[in-house]
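# Observations on chain architecture
Each chain is listed here by its residues.
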Amino acid sequence: MFKNLDRRIKVVLAAQSLYMFIMQLLAQYNVLFAQALGAGGTDIGIIMLISGLVLLISAPYIGLAIERKPVKRMMILGLICDITAMVIFALANDWRLLIPAFILYGQIIRQIPLADVVFITFTEPHKRATLVGLSRIFCGIMSIFAPLIASVIVTYYGGINMHGIRPLYYISIPILLAVLLILYKGLDEISISNGTRNTVYPKKKSMLLYEYQRFFKSEKYLLHWIVIRLFRDSSHGLLITFAPLWIVNVKGATATMLGILSTLSVISGLLMQVPAGKLADKFGRKKIFFLFTTFYCIGLIMLILAPAPEYLMLASIFGMGIGGIVGGGIGGAAMTPLLTMWWEVVPSKSTGKLYGLEGVITAVSRMLTITGGILWDCGFGALIIVVPVLVEILVIILLCLVPETLNCKSKSESH
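Below is a short write-up of the structure.

Basis of the calculations
- Residues numbered from 1 in each chain as written.
- Predicted model: local features only at pLDDT ≥ 70, side-chain atom pairs only at ≥ 80, totals over all residues.
- Heavy atoms only, no water.
- Buried < 20%, exposed > 50% of the residue type's maximum accessible area, 1.4 Å probe, protein only.
- Helix = DSSP H or I, 4+ residues; strand = E, 2+ residues; numbered from the N terminus.
- Patch = residues over 30% accessible without salt bridge, like charges linked within 9 Å, V, L, I, M, F, W, Y side chains within 5 Å.
- Areas by Shrake-Rupley, 256 points an atom, 1.4 Å probe, with all protein chains shown as cover.
- Salt bridge = Lys/Arg side-chain N within 4 Å of Asp/Glu carboxyl O.
- 1 Å grid on protein atoms, 1.4 Å probe; cavity = no way out; pocket = protein on both sides within 12 Å on 5 of 7 lines; lining within 4 Å.
- Points joined across faces, edges and corners; volume = space filled by probe spheres on them.
- Nonpolar A, V, L, I, M, F, W, Y, C, P; charged D, E, K, R; others polar.
- Contact = heavy atoms within 4.5 Å.
- Core = buried A, V, L, I, M, F, W, Y, C linked by side-chain atoms within 4.5 Å.
- Phe/Tyr/Trp six-rings, centres within 6.5 Å; stacked < 30°, edge-to-face > 60°.
- Lys NZ or Arg CZ within 6 Å of the ring centre and 35° of its normal.

Below, the discussion takes up helix 6 (residues 111–121). The periodicity of an α-helix, 3.6 residues per turn, causes residues three or four places apart in sequence to face the same way. The element helix 6 is extensively covered by neighbouring structure, given that eleven of its eleven residues are classed as buried. Those residues of helix 6 not exposed but buried are Gln111, Ile112, Pro113, Leu114, Ala115, Asp116, Val117, Val118, Phe119, Ile120 and Thr121.

Among the surface-exposed residues, Phe216, Leu223, Val227 and Phe231 lie close enough to one another that they form a single nonpolar patch of about 350 Å² accessible area. A per-element tally of the nonpolar patch places helix 12 (residues 222–250) first, with three residues. Locating Leu223 in the fold gives a position in helix 12. Residue classification places Leu223 among the exposed residues on the basis of a relative accessible area of 55%.

Okay, empty space enclosed by the protein next. Applying the stated criterion across every chain, the model contains four cavities of 30 Å³ or more. What lines the second largest cavity is a set of eleven residues, among which Ile112, Phe119, Ser135, Arg136 and Cys139 lie closest to the centre. Ranked by residue count, the leading element in the lining of the second largest cavity is helix 6, at four residues. Here the lining of the second largest cavity is built from residues that sort into seven nonpolar, two polar and two charged.

This part covers the pattern of salt bridges. Summed over the entire model, instances satisfying the criterion amount to 14 salt bridges. Put simply, Glu67 and Lys353 hold a salt bridge, and the shortest N to O gap is 2.9 Å. Of the two residues, Glu67 sits in helix 3 (residues 41–68) while Lys353 sits in helix 18 (residues 351–367), which places them 286 residues apart along the sequence. Residue class for Glu67 comes out buried when judged on its relative accessible area of 0%. Residue classification places Lys353 among the buried positions, given a relative accessible area of 4%. With a closest N to O distance of 2.8 Å, Arg136 and Asp116 form a salt bridge. With Arg136 in helix 7 (residues 128–143) and Asp116 in helix 6, this residue pair connects regions lying 20 residues apart in the sequence.

So, about the environment of Ala90. One can find Ala90 in helix 4 (residues 71–91). With relative accessibility at 4%, the residue Ala90 sits in the buried group. Sequence separation between Ala90 and Asn30 is 60 residues; the distance between their C-alpha atoms is 11 Å. Among all residues touching Ala90, those that are not within four sequence positions of it are Arg166, Tyr169 and Tyr170.

Considering the arrangement of structural elements, one finds Ser365 in helix 18. Note on Ser365: relative accessible area 5%, which makes it buried.

Let's shift gears to the environment of Gly186. Note on placement: Gly186 falls in helix 10 (residues 167–186). Of the residues examined, Gly186 reaches a relative accessible area of 13% and is grouped as buried. With 24 residues separating them in the primary sequence, Gly186 and Tyr210 have C-alpha atoms 35 Å apart. Setting aside residues up to four positions removed in sequence, Gly186 forms contacts with Arg7 and Val11.

To continue, consider the nonpolar core. In terms of nonpolar packing, the biggest core is built from 133 residues, with Tyr29, Met75, Met86, Leu168, Trp225 and Ile247 touching the most fellow members. For Tyr29, the contacting residues outside a window of four places in its chain are Ala150, Ser151, Val154, Ile165, Leu168, Tyr169, Ala255 and Leu258.

So, on to the packing of aromatic side chains. Under the counting rule described, the total for this entry stands at eleven aromatic pairs. Ring geometry for Trp225 against Trp342: centres 6.4 Å apart, planes inclined by 65°, an arrangement best described as edge-to-face. Of this pair, Trp225 sits in helix 12 while Trp342 sits in helix 17 (residues 335–344), and the two are 117 residues apart along the sequence. No difference in accessibility class separates Trp225 from Trp342, as the two residues are buried. Ring pairs connect the aromatic residues Phe33, Phe89, Phe102 and Tyr169, which therefore count as one cluster. In this structure, Arg232 is placed above the aromatic ring of Tyr296, and the distance from its NZ or CZ to the ring centre is 5.3 Å.

Set out below in structure tokens:
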């Protein structure tokens, strides 16, 4: 399948695979670094709240910019933000100085969702879920050893403290520069939409307000999907923020064990990505999502009940919220059909605005992380792990009310 892919997709795959290595390298350590610099659970929640507010304000504008500006330009701008964040992390000696770093890193322009927009836009409908899964395989090949490499570096430089974690940021800077160079040299000035640049706006209505009002009116199930993503992203945000703290502080895992767990999570998730995508393309997105999210819930229950760090390895294989976007155990493959459904719910010319709305959802869910910080400081860490299970069972069932996007008429055209 790879040799038949559009050249634009190949370049983005290569760049994002290297980018994912950095995300996997740092996935468990940004929050732990903030804690090492003196931040408590509530302080971490405040960091997420502030960064979420910035994302909430900027995301709708970024979404419109993605529809009007070349994708190459937007991706490079996002990488400049990431590199700046790494410099701040590397030099910070107080957790308050990390606030701008958390704002900039992977947030102003989110690389992985933007890559998914490219994949969905330039791929036929019956191949989209398979390509999303394949992209996770490529990312995983590059980043499969990142957690173990990170654990070796952290252990060598003193363990889970600021001296042990800081070298990870020095390593990240040149790798991100390499990603920027790949995109600059290899990607053409492509755009996902050319039909919205000359829109005439009614008097007394701003461009932003008019565009999104028209967008909401034209898409029947958009609000329904926003509710679904808000609940799932909020619960998952709690998990990825506090699961490393739970594993280290409650279950007693060392940096080496944390690296092993993340690697197991990535490997087991990678093995399921393409099967999940092919099954979703053949039998429908919803059925396969429910199949794999069952493993996700089982992994979270194991995470809570595991009597010793060694038992956490089985939880990692099933899926317990660590391992980043790539991996996440067998249950992590549920994101392949879920994300495919999300991007297919609107025509490709409107995916920029959908990207902007996803940023708003991410911002709101991140701001809710402060609730998790308060719960953590009050000794209710287990409740933070339980919430994602309840959300999957009691809320995501709403997916049953959404028509199957595989046969959605508005997305059936070939690009």
